[in-house]
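Examination of the molecular architecture
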There are 2 protein chains.
Amino acid sequence: MRFAVAHVDGATGARTGEITTSRGVVRTPVFMPVATRGAIRALPFRDIIEMGFEVVLANTYHLYIRPGTLLLDKAGGLHNFMNFHRPVLTDSGGFQVFSLSSLCTPTDDGVEFKSHLDGSRHFFTPEKVLDIQKSIGSDIMMVLDQCTAYPVEMDNARRAVSRTLNWAERSFRRWRDAFDCDRQALFAIVQGSVYPELRVECARRLTEMDFPGFAIGGLSVGEPKDLYREITAVTLEHLPPEKPRYMMGVGSPMEILDAIACGVDMFDCVMPTRIARNGTLYTSAGRVNIRSSAYEEDFSPLDAACGCYVCRTYSKAYLRHIYRMGEIAALIYNTYHNLYFMKQFMNEIRTAIDAGAFSEIYNKWAALYGNNGG
Amino acid sequence: MRFAVAHVDGATGARTGEITTSRGVVRTPVFMPVATRGAIRALPFRDIIEMGFEVVLANTYHLYIRPGTLLLDKAGGLHNFMNFHRPVLTDSGGFQVFSLSSLCTPTDDGVEFKSHLDGSRHFFTPEKVLDIQKSIGSDIMMVLDQCTAYPVEMDNARRAVSRTLNWAERSFRRWRDAFDCDRQALFAIVQGSVYPELRVECARRLTEMDFPGFAIGGLSVGEPKDLYREITAVTLEHLPPEKPRYMMGVGSPMEILDAIACGVDMFDCVMPTRIARNGTLYTSAGRVNIRSSAYEEDFSPLDAACGCYVCRTYSKAYLRHIYRMGEIAALIYNTYHNLYFMKQFMNEIRTAIDAGAFSEIYNKWAALYGNNGG
């Protein structure tokens with residue numbers, strides 16, 4: 001994996017670049033649709049390809065539980081299994097172990113947990129989650145980290161950082177010794193909750209190792225927006241500018257713009273697809289709740305400025321009708337539109353950065369999406 | 001609407017033909033996907049167009065309840081509302097009133113019922129369901145009929161036929177007097193349960209009126225297969241061969257083949273999409289239950305002989321995995337495949353009839369689908 005910065009905005013930290021993997025080039029800043037278990041929720045993969053997404057995210061924890069590494073090995077990896085041959089990034093499963101499993105006991109060696117599906121007991125170590133990601137065959141792998149909820153006391157956050165650093169060292173050694181490092185890159189994860197000194201310490205210590213990329217974990221978990229921006233900025237100051245930066249599990253249009261302004265390159269989030277299934281749609285005029293009776297007789301397109309086939313084909317009145325009737329087609333159309341929106345949104349941001357117009361774009365979207373968390 | 005028979009099979013009553021409507025030509029025998037509320041369940045309309053379906057069915061009862069005729073009038077009819085401009089057939093709502101609504105009181109004048117959604121009271125008359133279908137703008141409308149369950153005593157079936165005939169006369173007059181008969185055709189419905197003399201009487205009386213087409217209602221509702229075939233055959237003997245015949249709510253591959261052998265031209269059924277959502281898939285080798293553990297490590301296509309994009313793209317192991325995980329994408333892929341199968345199935349039947357090879361095709365499918373009800 002190689003990364004090259006193309007342009008850096010004069011007024012902010014926003015930048016464009018390219019990640020080159022053996023399965024293709026990813027232009028950054030990039031939004032990665034989430035295919036947790038090897039499928040995009042409520043959308044065929046061919047729509048993802050048609051929209052031009054260059055990379056998707058899958059989940060190590062979920063794929064380990066089902067279908068499991070034995071099956072993935074037999075299938076020749078996740079790309080072959082789901083027949084999608086563009087780059088795939090996998091998170092480490094750390095976040096899911098700490099948030100989904102019914103029992104979770106971290107030790108210095110790793111973390112024991114119970115499957116959320118059948119209650120079976122499992123043990124993840126930094127080495128094991130890499131081996132799982134080898135079976136998955138992801139192009140970009142993530143290290144196992146210890147996640148903390150928000151809020152968390154500083155002592156607990158410090159212990160999580162300490163363990164995250166120790167696990168990162170073990171991950172780095174395993175990766176260097178046992179992986180085709182050119183084919184499967186490994187990113188470290190900065191933790192430290194909302195404590196700047198912990199974030200700085202974590203970023204500096206991780207940077208001492210030659211990871212191909214760095215992620216910020218544990219943000220956008222309930223902290224105030226000011227803290228989100230402050231912690232993002234201070235963390236990035238201590239990460240090497242020549243490496244890609246990935247904000248995990250983020251997010252809304254404004255969270256993405258705020259992070260891009262600090263110099264973040266990569267994003268993933270279930271929000272666009274999840275809110276789509278709840279009837280909330282991103283448009284060039286702000287958010288639309290398609291369930292609203294305001295649209296009962298509105299035969300105009302969902303977003304006249306959007307080129308997606310849903311906006312070219314259906315009215316708000318129709319989309320509202322089929323959503324209210326519980327039609328699965330409504331979930332498909334809503335999901336299609338929101339992901340198409342995210343793709344165009346990122347395209348517009350990259351074009352603006354390259355043209356030196358990031359601040360204008362930022363202000364445009366802030367006026368539309370700034371007040372409601374967008 | 002015009003109908004022309006092209007070829008009639010030498011050994012059976014099977015025939016090909018063309019229905020010409022102002023919105024396009026429908027080659028028969030035809031299977032009509034069901035868009036009850038103006039959406040195909042679990043599939044975007046563009047896939048229906050891509051597969052080449054020439055006509056879909058929508059439901060008068062459901063569209064009357066939601067979104068209602070006021071909205072359909074404002075939308076300029078259902079075609080504009082759902083932006084699908086090929087022919088649409090609407091059933092009359094009779095079947096739904098008698099099967100779905102919580103209270104249903106038929107009188108000679110019409111039928112009072114409570115909405116299954118909100119319990120509100122409504123009254124359908126033969127004239128009113130035509131007026132609703134005028135708001136819908138369907139290319140082929142159906143008369144209101146009185147449906148009977150199976151089994152039903154002959155006296156009750158006779159009373160239902162009597163009322164169905166009376167309502168058909170009123171429907172014919174309303175249609176002739178108040179409709180653009182070239183743009184919106186009207187089909188009568190033969191009732192009579194499994195009593196040949198009632199079916200014959202109903203068919204003969206309806207034929208005395210110059211309906212553009214005739215439907216068979218009240219079959220495939222639980223009666224033995226022999227009775228299904230016998231009643232279909234005896235009914236068709238008393239329907240004019242120059243008019244299209246439509247078997248309502250049918251069905252499985254073998255039910256369709258049996259009816260085609262008697263001379264039926266049109267079919268609709270939710271079965272292909274409903275069983276798809278339940279994991280049952282039609283293939284050229286018989287039915288496949290994709291949930292089966294037999295497919296856990298089966299990396300071959302669902303149906304290697306099928307040209308649909310699901311079969312060209314995904315393995316049985318992958319389809320099983322995402323179905324088990326509850327992914328909506330599994331419902332989409334399964335639905336796509338089963339409807340594609342139905343389209344190819346009908347294409348093959350038409351080609352065989354034109355080539356004088358219907359019996360071979362019938363026997364081929366009977367060997368694959370005859371034993372399990374297909």
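Here, the structure is the one placed above.
So, how was this worked out
Residues numbered from 1 in each chain as written. Chains lettered and ligands numbered in written order. Predicted model: local features only at pLDDT ≥ 70, side-chain atom pairs only at ≥ 80, totals over all residues. Least-squares fit on C-alpha atoms with pLDDT ≥ 70 in both. Contact = placed C-beta atoms within 7 Å. Helix = DSSP H or I, 4+ residues; strand = E, 2+ residues; numbered from the N terminus. Nonpolar A, V, L, I, M, F, W, Y, C, P; charged D, E, K, R; others polar. Axes fitted to C-alpha atoms, helices over the stretch in contact; angles between N-to-C directions. Parallel < 35°, antiparallel > 145°, perpendicular 65-115°, else oblique. Left-handed = near helix turned anticlockwise from the far one by under 90°.

So, the relation of the copies chain B and chain A
- Expressed as a screw transformation, the operator carrying chain B onto chain A has a rotation angle of 180 degrees and an axial translation of 0.0 Å, and the superposed copies differ by an RMSD of 0.0 Å. These values place the two chain copies in the arrangement generated by a two-fold rotation axis. Within chain B, Ile328 of chain B has its C-alpha nearest the rotation axis, a separation of 4.1 Å.
- Here 100% of the contact residues of chain B are again contact residues in chain A; the copies associate through an equivalent surface.

Considering the interface of chain B and chain A
- Across the contact, 34 residues belong to chain B and 34 residues belong to chain A.
- Counting only elements with at least two residues in the side of chain B that touches chain A, the list comes to α3 (69-75), α4 (78-82), α12 (309-313), α13 (316-324) and α14 (328-354) of chain B.
- Split into classes, the residues belonging to the side of chain B that touches chain A amount to 22 nonpolar, 4 polar and 8 charged.

A closer look at the packing of helix α6 (residues 126-136) of chain B against helix α7 (residues 154-178) of chain B
Residue and element names in this part refer to chain B.
- Close contact between α6 and α7 brings their axes to 8 Å; oriented N to C, the two are set at 45 degrees. When the axes of α6 and α7 are compared, the pair comes out oblique. In the packing of α6 onto α7, the handedness of the crossing is right-handed. Of α7, the residues touching α6 (which contributes Pro126, Glu127 and Leu130) are Trp167, Arg170, Ser171, Arg174 and Trp175.
- A breakdown of the residues in the contact of α6 with α7 according to their chemical character gives 4 nonpolar, 1 polar and 3 charged.

Comments concerning the packing of helix α9 (residues 225-237) of chain A against helix α10 (residues 253-262) of chain A
Residues and elements named next belong to chain A.
- Look at α9 against α10: their axes get within 9 Å of each other, and the N-to-C directions meet at 30 degrees. Here α9 lies roughly parallel to α10, going by the angle between them. In the crossing of α9 with α10, the sense of the turn from one axis to the other is right-handed. Mapping the contact onto sequence places Tyr228, Arg229, Thr232, Ala233 and Leu236 in α9 and Glu255, Asp258, Ala259 and Cys262 in α10.
- Of the residues in the contact of α9 with α10, the class split is 5 nonpolar, 1 polar and 3 charged.

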